[in-house]
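Structural features, examined
Residues per chain, in single letters:
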Amino acid sequence: GRLCAAINAASVALVDAGIPVKDILCACSAGYAGGGTDTTLVDLNRQEESSHAGQNAVCLPCAMLPQRGTLVLSQCEARLPDFVTMDRVLEAAMDGCRAVFDILQAAIRERASVLLGMRDGHGTVVNSFAV
């Protein structure tokens, strides 16, 4: 949801501003669809985060430093049936964080490449605010 998006945006903004960081903080949510389906979901949307059929939805936002393997945030406010399910949902969220890291890293590298090309005179700055 919004928490994960805000964490990812803030992390990329720090890198884009030229602030040195040792790792990029990445976030992703995971959830559990009980009710006989026993399915783990990754990167939940609003409908998946909301309660349905009288049951509280399980949503676990997670943030980690993927290159270091350090878990920074894990927040779950719903009851899970057992520790095995909790471990499965947390692992799914961490896998999502690693996937987000790959996407963010590719975007940062592409942006850096464009900026370096412009510094060498191989590009133009477009004024998107021009009337």
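What you see is a predicted model; the values in this text were computed from it and never measured.

What counts, and where the lines are drawn
Residues numbered from 1 in each chain as written. Predicted model: local features only at pLDDT ≥ 70, side-chain atom pairs only at ≥ 80, totals over all residues. Heavy atoms only, no water. Helix = DSSP H or I, 4+ residues; strand = E, 2+ residues; numbered from the N terminus. Expected span 1.5 Å × (residues − 1). Buried < 20%, exposed > 50% of the residue type's maximum accessible area, 1.4 Å probe, protein only. Arc of directions from axis to C-beta. Contact = heavy atoms within 4.5 Å. Pairing = 2+ DSSP bridges. Core = buried A, V, L, I, M, F, W, Y, C linked by side-chain atoms within 4.5 Å. pLDDT = per-residue confidence, 0-100.

Between the first and last C-alpha of helix 1 (residues 2-16) there are 21 Å, a value that for 15 residues agrees with the 21 Å anticipated at 1.5 Å per step. Listed in full, the buried residues belonging to helix 1 are Cys4, Ile7, Asn8 and Ser11. Viewed along the axis of helix 1, the buried residues span an arc of 95°, placing them on a single side of the element. Buried residues in helix 1 make contact with strand 1 (26-33), strand 3 (58-65), strand 4 (70-74) and helix 3 (83-119).

As paired elements, strand 3 and strand 4 share 4 bridges and run antiparallel to each other. By the bridge assignment for strand 4, Leu65 is matched with Thr70. Taking the residues that link successive antiparallel strands as the turn, the strand 3-strand 4 hairpin has 4 residues, and the phi of Gly69 there is positive, at about 70°.

Once that is clear, we can look at the nonpolar core. Residues Ile24, Cys26, Leu60, Cys62 and Cys97 are the most contacted members of the largest nonpolar core, which totals 21 residues. Counting residues per element, this core draws most heavily on helix 3, which supplies 10 residues. Those residues in contact with Leu60 that sit more than four places away from it in its chain are Cys28, Ser29, Ala30, Ser74, Gln75, Cys76, Met86, Val89, Leu90 and Ala93.

When the pLDDT values of the protein chain are averaged, the result is 85; 85% of them are 70 or greater. The weakest mean pLDDT in the protein chain belongs to helix 2 (residues 46-49) at 78; the strongest belongs to strand 4 at 95.

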